[in-house]
Amino acid sequence: MKRDIYGLLAARYFAAQLGFADLRFFCSVKTRQAEVDVPALRLMKLLERDVAIDALAALEPPAPGLPPPDAWVALHDMRADGGAAVLLGFRPEIVISARFSLIFPQRVIDAVPRGIINVHPGVLPGYRGLFAPFWQVLRGERDLGCTVHLVDKGIDTGEILGETRLPFDPSRSLMWHTAGLYRGGVAIAADAATTLARGGQPASVPQQGGGAYFRFPTAADFAALPVPIASARDYAQVLGDAFAPVIGRSPAPQERAA
C-alpha cells in the first residue's frame, strides 16, 4: 500500500475482512518529482499523506488488528537485495497490492505461492498506469471503474478477478471518487484472497488487447478537470471512513497473507 489516506482505507478493510490471516502491512515510500513540481499534486500529497497520515494518524490510538501507518514496513524499492528481500523475508503466501507505487519484478511474482492481487482504480485495459481515477474523470466517463487483477510480468496486464463501477457525480470531488473506487476494489480483492487462502482458485478472465498507459497529469490537465481535487465535505467524509473502527474480524484457521 501507499502510506496515505487511501492506503489506510484499504488497510482497515483488509484488517476487518481478513482477520483469520496472519497479516503484515507494507508501504511504498516514494515521492516522484512530479509531486513536487505540479502544484495540484503537491496539494494532493499534503491532504492525503502529510495531514491525514503524518499528523492525524499519529494522534489516533492503534485499531485492533491494524498497526498504525508509522509501523508499516517501508519498502523503498523492489531490488533483490532491498525491498524484495524484505517482503519475501516474511514468506507471504498471498500479496495484495493497493496504492503500491513499486513494480513487482518477476522473481517476486514467482516467489509468492498463491499469487499477487492488485487493486487498480481504473478500467482495464483502457486505463493502465498512473492516476486512473483522474484520467477517467477528465475523459468524461459516465461510470468510473476499479479493476482487481492478478499481477503478471506486465504493468496492469494480468488476468481480471473482478471489476466495480462508480457512477460519476459532478457534485463530488476527485478525492471522493477515488475513495469510492478503492472501497469497491478492496472488497473484491479481500474475497479473492479469502478464496486463495482456503485453497480455492477465484475465477479470472484474460484481459483483451489494446488499452492505453497513462502517466502523471500536468498542470494543464488539472486545469481542465471538471471537478475539484477535494472539498471540505468530501475530505471530512474520507477521513471519517479512514479512521473508522475496524470491525467484522472473524476467527478462522490461520493463513498468511501480506
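Below you will find a few notes about this structure. Fair warning: this is a prediction, and the values are worked out from it, not measured in the lab.

1. Here we look at the overall build of the chain
In terms of helices and strands, the chain carries 9 helices and 10 strands. A compact globule built from 258 residues should have a C-alpha radius of gyration of about 18 Å, and the chain, at 17 Å, falls within 12% of that. Taken along its principal axes, the extent of the C-alpha atoms in the chain is 50 × 45 × 35 Å. For the chain, the residues scored as buried account for 53% of the 258 residues in total. For the chain, the accessible surface area stands at approximately 11500 Å², while carbon and sulfur atoms represent 55% of it. Between the centroid of the 26 positive side chains of the chain and the centroid of its 25 negative side chains there is a distance of 1 Å.

2. Quick word on the sheet that holds strand S4 (residues 95-98)
Strand order in the open sheet made by the 4 strands is S4-S5-S7-S8, with mixed pairing throughout. The open sheet has two edge strands, S4 and strand S8 (160-167), and neither has a second partner. Averaged over all neighbouring strand pairs, the angle between strand axes comes to 15 degrees, with direction disregarded.

3. What to know about the pattern of salt bridges
Considering all chains together, one arrives at 12 salt bridges under this definition. Between Asp4 and Arg99 there is a salt bridge whose closest N-O contact spans 2.5 Å. Taken together, the positions of Asp4 in the segment before helix H1 (5-17) and Arg99 in the loop between S4 and helix H5 (106-111) put the pair 95 residues apart, joining distant regions of the chain. By the burial criterion, Asp4 is buried, and Arg99 matches it.

4. Topic: helix H9 (residues 232-242)
Within H9 the residues assigned to the buried category are Asp234, Tyr235, Val238, Leu239 and Ala242. Along the long axis of H9, the arc covered by the buried residues comes to 130 degrees, so they all point the same way. Facing away from the buried side of H9 by more than 90 degrees, the exposed set consists of Ala232 and Arg233. Looking at the buried side of H9, the elements it contacts are H1, helix H3 (39-56) and helix H7 (174-197).

5. A closer look at unusual backbone geometry
Cis geometry marks the peptide bond from Leu124 to Pro125; its omega dihedral reads 5 degrees. The topology assignment puts Pro125 in the loop between strand S5 (116-120) and strand S6 (128-129). Phi is positive for Arg91, close to 50 degrees, though the residue is something other than glycine. Since its relative accessible area comes to 67%, Arg91 is described here as exposed.

6. Some words on a nonpolar patch on the surface
Judged by side-chain polarity, Ile103, Ile155 and Tyr213 come together as a nonpolar surface patch covering roughly 280 Å² of accessible area. With respect to the helices and strands, the residue Tyr213 is situated in strand S9 (residues 213-214). For Tyr213, a relative accessible area of 39% translates into the label partly exposed.

7. Things to note about the environment of Glu159
Tracing the chain through its elements places Glu159 in the loop between strand S7 (143-150) and S8. Measuring from C-alpha to C-alpha, the distance between Glu159 and Leu9 comes to 25 Å, with 150 residues separating the pair along the chain. Excluding residues within four positions of it along the chain, Glu159 makes contact with Val148, His149, Leu150, Ser204, Val205 and Pro206.

8. So, the pairing of S4
On S4, burial covers both faces: Val95 and Ser97 on one face and Ile96 and Ala98 on the other are all buried. With respect to chirality, the unit in which S4 leads through H5 into the neighbouring parallel S5 is right-handed.

9. Examining the side chain of Arg49
With respect to the helices and strands, the residue Arg49 is situated in helix H3. Its relative accessible area of 11% is what places Arg49 among the buried residues. Among the polar contacts listed, one links the side chain of Arg49 to the side chain of Thr31, at a separation of 3.4 Å.

Definitions and limits used
Residues numbered from 1 in each chain as written. Predicted model: local features only at pLDDT ≥ 70, side-chain atom pairs only at ≥ 80, totals over all residues. Heavy atoms only, no water. Helix = DSSP H or I, 4+ residues; strand = E, 2+ residues; numbered from the N terminus. Rg over C-alpha atoms; globule rule 2.2 N^0.38 Å. Buried < 20%, exposed > 50% of the residue type's maximum accessible area, 1.4 Å probe, protein only. Areas by Shrake-Rupley, 256 points an atom, 1.4 Å probe, with all protein chains shown as cover. Lys, Arg positive; Asp, Glu negative; His and termini not counted. Charge placed at Lys NZ, Arg CZ, Asp CG, Glu CD. Pairing = 2+ DSSP bridges. Axes fitted to C-alpha atoms, helices over the stretch in contact; angles between N-to-C directions. Salt bridge = Lys/Arg side-chain N within 4 Å of Asp/Glu carboxyl O. Arc of directions from axis to C-beta. Contact = heavy atoms within 4.5 Å. Patch = residues over 30% accessible without salt bridge, like charges linked within 9 Å, V, L, I, M, F, W, Y side chains within 5 Å. Right-handed = clockwise from strand over helix to strand, strands pointing away. Polar contact = N/O pair within 3.5 Å; in protein donor to acceptor, adjacent residues only side chain to side chain.

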